[in-house]
Amino acid sequence: MTAVRVKICGLRTPQDVAAAADAGAAYVGFVFFPKSPRHISIEQATALALEAPVGLCKVALTVNADDTMLDALTEAVPLDMLQLHGHESPERVAQVKARYGLPVMKAIGVASAEDLPQIDLYSQVADQLLIDAKPPKDADLPGGNGLAFDWRLLAGRKYWQRPWMLAGGLTPDNVAEAVRMTGARQVDVSSGVEALPGQKDPDLIARFTRSALSAVA
């Protein structure tokens, strides 16, 4: 069976990138959202991306970014994927794909079965899907809140039209169970491997990745 692929998101330092790579992560995520404690500048991201080992997929997380922002980002940072984590419509996802020529991952918030049709809708235009816990209405952040949703909602739904990634409230202690319950072949973590908001813990990164890679759906 194919090993679970891990994304460590919200990296801010060269040590973060090295820890993710050493642990065996397949993706690293850089956050471009000023309200987030994981936000970094384009200049910081460029330096981190240039230091990342070959083969590590570098993902930029943006929230309702306009073309001006995405132009500046893609011109400066050697990226492999764009992650749209806001309220972008399917039409906007298609537009971003066409304009930048990069794979696009669309985040979809899930709280109940009523949210699941959005997965099928966006699978028609996105290259990958990130299925996350829907943030509370008063939340400042669209993701990275450390919240999980009822994973039983995804049980038996292993195959959509596109590859998908499970996110939301994952930790080294529960990621294996999440994989077993959902059949996820990819998982994303941010706050679950932090000592403090925005401060990654290399030991937690190693534990999380080890748990995910050993999980069997």
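Before any of the text, the structure's been laid out above.
Only a predicted model underlies this, so the values are computations on that prediction, with no experimental measurement involved. (Residues numbered from 1 in each chain as written. Predicted model: local features only at pLDDT ≥ 70, side-chain atom pairs only at ≥ 80, totals over all residues. Heavy atoms only, no water.)

Caption draft 1: Inspection of the overall build of the chain at higher detail. Tallying secondary structure elements over the chain gives seven helices and 10 strands in all. Here the chain has a C-alpha radius of gyration of 16 Å; the compact-globule value for 217 residues is 17 Å, and the two agree. With the C-alpha coordinates aligned to their principal axes, the bounding extent of the chain is approximately 40 × 40 × 35 Å. Going through the 217 residues of the chain one by one, you find that 52% of them count as buried. Within the chain, contacts between residues separated by at least 24 positions form 57% of all contacts whose residues are at least 6 apart in sequence. Surface exposure of the chain reaches about 9700 Å², of which carbon and sulfur atoms provide 52%. Treating the 21 positive side-chain charges of the chain as one cloud and the 25 negative ones as another, the clouds have centres 5 Å apart. (Helix = DSSP H or I, 4+ residues; strand = E, 2+ residues; numbered from the N terminus. Rg over C-alpha atoms; globule rule 2.2 N^0.38 Å. Buried < 20%, exposed > 50% of the residue type's maximum accessible area, 1.4 Å probe, protein only. Contact = heavy atoms within 4.5 Å. Areas by Shrake-Rupley, 256 points an atom, 1.4 Å probe, with all protein chains shown as cover. Lys, Arg positive; Asp, Glu negative; His and termini not counted. Charge placed at Lys NZ, Arg CZ, Asp CG, Glu CD.)

Caption draft 2: Layout of helix H2 (residues 42-51). Among the residues of H2, Ile 42, Ala 45, Thr 46, Leu 48 and Ala 49 are the ones counted as buried. Among the structural elements, helix H1 (14-23), strand S2 (27-32), strand S3 (57-62) and helix H3 (67-76) are those in contact with the buried residues of H2.

Caption draft 3: Examining the pattern of salt bridges more closely. Evaluated as defined, the whole model comprises 12 salt bridges. Of the charged contacts, one joins Asp 188 and Lys 7 as a salt bridge, the two residues approaching to 2.6 Å between their closest N and O atoms. Residue Asp 188 is located in strand S8 (residues 186-189), and its partner Lys 7 is located in strand S1 (residues 5-9); the two are separated by 181 residues in the primary sequence. The exposure class of Asp 188 is buried, given its relative accessible area of 8%. Here Lys 97 ties to Asp 127 by a salt bridge, and the two come within 3.5 Å at their closest N and O atoms. (Salt bridge = Lys/Arg side-chain N within 4 Å of Asp/Glu carboxyl O.)

Caption draft 4: Representation of the pairing of strand S6 (residues 128-133) in the model. Most of S6 is tucked away: six of the six residues are buried. The sheet contact formed by strand S5 (residues 104-110) and S6 spans six bridges and is parallel. The partner of Ala 107 across the bridge, within S6, is Leu 130. (Pairing = 2+ DSSP bridges.)

Caption draft 5: Structural detail: the packing of H1 against helix H7 (residues 202-214). H7 packs onto H1 with a crossing angle of 25 degrees between their chain directions and a minimal axis gap of 9 Å. Classed by the angle they form, the pair H1 and H7 counts as roughly parallel. Regarding H1 and H7, the two cross each other, and that crossing is right-handed. Across the interface between the two elements, Asp 16, Ala 19, Ala 20 and Ala 23 from H1 touch Pro 202, Ile 205, Ala 206, Thr 209 and Leu 213 from H7. Its residues placed into classes, the contact of H1 with H7 shows seven nonpolar, one polar and one charged. (Axes fitted to C-alpha atoms, helices over the stretch in contact; angles between N-to-C directions. Parallel < 35°, antiparallel > 145°, perpendicular 65-115°, else oblique. Left-handed = near helix turned anticlockwise from the far one by under 90°. Nonpolar A, V, L, I, M, F, W, Y, C, P; charged D, E, K, R; others polar.)

Caption draft 6: Local environment of the packing of aromatic side chains. The final tally for this structure, using the stated rule, is zero aromatic pairs. Across from the ring centre of Tyr 122, 5.2 Å away, lies the NZ or CZ of Lys 106, which sits over that ring. (Phe/Tyr/Trp six-rings, centres within 6.5 Å; stacked < 30°, edge-to-face > 60°. Lys NZ or Arg CZ within 6 Å of the ring centre and 35° of its normal.)

Caption draft 7: Structural detail: the side chain of Ser 190. Tracing the backbone shows Ser 190 in the loop between S8 and strand S9 (194-196). Ser 190 gets classed as buried once you look at its relative accessible area, which sits at 11%. A polar atom in the side chain of Ser 190 sits 3.2 Å from the backbone oxygen of Cys 9. Look past the residues within four positions of Ser 190 in its chain and what remains in contact with it is Cys 9, Gly 10, Arg 38 and Lys 200. (Polar contact = N/O pair within 3.5 Å; in protein donor to acceptor, adjacent residues only side chain to side chain.)

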